[in-house]
Amino acid sequence: MSAPVMDTSAIADPAVFRRILGHFCTGIVVITGYDDAGPVGMTCQTFSSLSLNPPLVMFSPARTSTTWPRLRDTGTFAVNILSAGQQVLSRAFAVTGADKFAGVDWYRGHTGSPIIEGSMAHIECELAAIYPGGDHDIVIGRPLAAGEDPSLSPLLFFRSGYGTYEPA
């Protein structure tokens, strides 16, 4: 049995569209940078690889974000791919106005961007391009350095909740 088809008016409702998009399982990343005021970061689930040749990644911050302008102005950023058990970090970096790095173990990477301890992987990038994308920006990053811990499992987000992955 196939899913019922919704017409354009139903999809135009942001709550309905968000619910439909929630059926796509994603990983969770924290995008970090370092500016004159110190470390800055935000949770993001709209992250993806874009190209292997040349290597490029992308993420899409909301234009209403107060963190995104600080990250943008640094010219470099790190994508910290969260591991299972880092739900608290995901939530903490999603809060506006909080000291997001309080109690977080991190170190400055190759670009100076914060690398969060316990993340399963990180990719440090230089800002390559920004394109408008509705109420978000589409940010393209050119990787400069990366690291991984293949022993860790990912933190996943599905239907507004967190989960983990176990191989079949």
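Note that residues are indexed from 1 along each chain, following the sequence as it is written. In keeping with the model being predicted, local features are shown solely for residues with a pLDDT of at least 70 and side-chain atom pairs are shown and tallied solely at 80 or more, while totals for entire chains, interfaces and linings include all residues. Processing note: side-chain calculations cover all non-hydrogen atoms of the structure and skip hydrogens and water entirely.

A. Broad picture of a nonpolar patch on the surface. Patch definition: residues with relative accessible area over 30% and no salt bridge; like charges joined within 9 Å; nonpolar side chains (Val, Leu, Ile, Met, Phe, Trp, Tyr) joined within 5 Å. All accessible-area figures derive from a Shrake-Rupley calculation using a 1.4 Å probe, and residue coverage is judged against the displayed protein chains alone. Any Lys or Arg side-chain nitrogen located within 4 Å of an Asp or Glu carboxyl oxygen qualifies as a salt bridge. Judged by side-chain polarity, Ile11, Phe17 and Leu21 come together as a nonpolar surface patch covering roughly 270 Å² of accessible area. Think of it this way: any DSSP run of H or I at least four residues long counts as a helix, any run of E at least two long counts as a strand, and we number them from the N terminus. Topologically, Leu21 is positioned in helix H2 (residues 14–21). Per-residue accessibility, obtained with a 1.4 Å probe over protein chains only, is compared with the maximum for each type, and a residue is labelled buried under 20%, exposed over 50%, and partly exposed between these values. On the basis of relative accessibility, which here comes to 49%, the residue Leu21 falls in the partly exposed class.

B. Up close: the packing of aromatic side chains. For Phe, Tyr and Trp, where Trp contributes only its six-membered ring, two rings pair if their centres lie within 6.5 Å, and the inter-plane angle classes them as stacked under 30 degrees, edge-to-face over 60, or tilted in between. For the coordinates displayed, the defined rule picks out six aromatic pairs. A ring pair is formed by Phe157 and Tyr162, whose centres lie 5.3 Å apart and whose planes are at 70°; its orientation type is edge-to-face. Classification of Phe157 as buried rests on a relative accessible area of 18%. A relative accessible area of 27% means that Tyr162 is categorised as partly exposed. A connected cluster of aromatic rings, assembled from ring pairs, spans Tyr34, Phe93, Phe101 and Trp106. Between the NZ or CZ atom of Arg72 and the centre of the ring of Trp68, over which it lies, the distance is 6.0 Å. Seen from the ring of Tyr34, Arg108 lies directly overhead, with NZ or CZ sitting 3.6 Å from the centre. Comment: the charge-over-ring label is applied if NZ (Lys) or CZ (Arg) is within 6 Å of the ring centre and within 35 degrees of the ring normal.

C. Broad picture of the sheet that holds strand E10 (residues 136–148). Here, any two strands with at least 2 DSSP bridges between them count as paired. Read across the sheet, seven strands follow the order E3-E2-E6-E9-E10-E5-E4 without closing on themselves; strand pairing throughout is antiparallel. Looking at strand neighbours, the two that pair on one side only are strand E3 (38–44) and strand E4 (47–52), the edges of this open sheet. Averaged over all pairs of adjacent strands, the angle between strand axes in this sheet comes to 35°, irrespective of strand direction. Pairing of strand E6 (residues 76–81) with strand E9 (residues 121–133) involves six bridges; the strand directions are antiparallel. Paired with Ile81 across the bridge in E9 is Ala121. Every axis corresponds to a line fitted to the C-alpha atoms, with the helix fit spanning only the stretch in contact, and the corresponding angles, defined between N-to-C directions, vary from 0 to 180 degrees.

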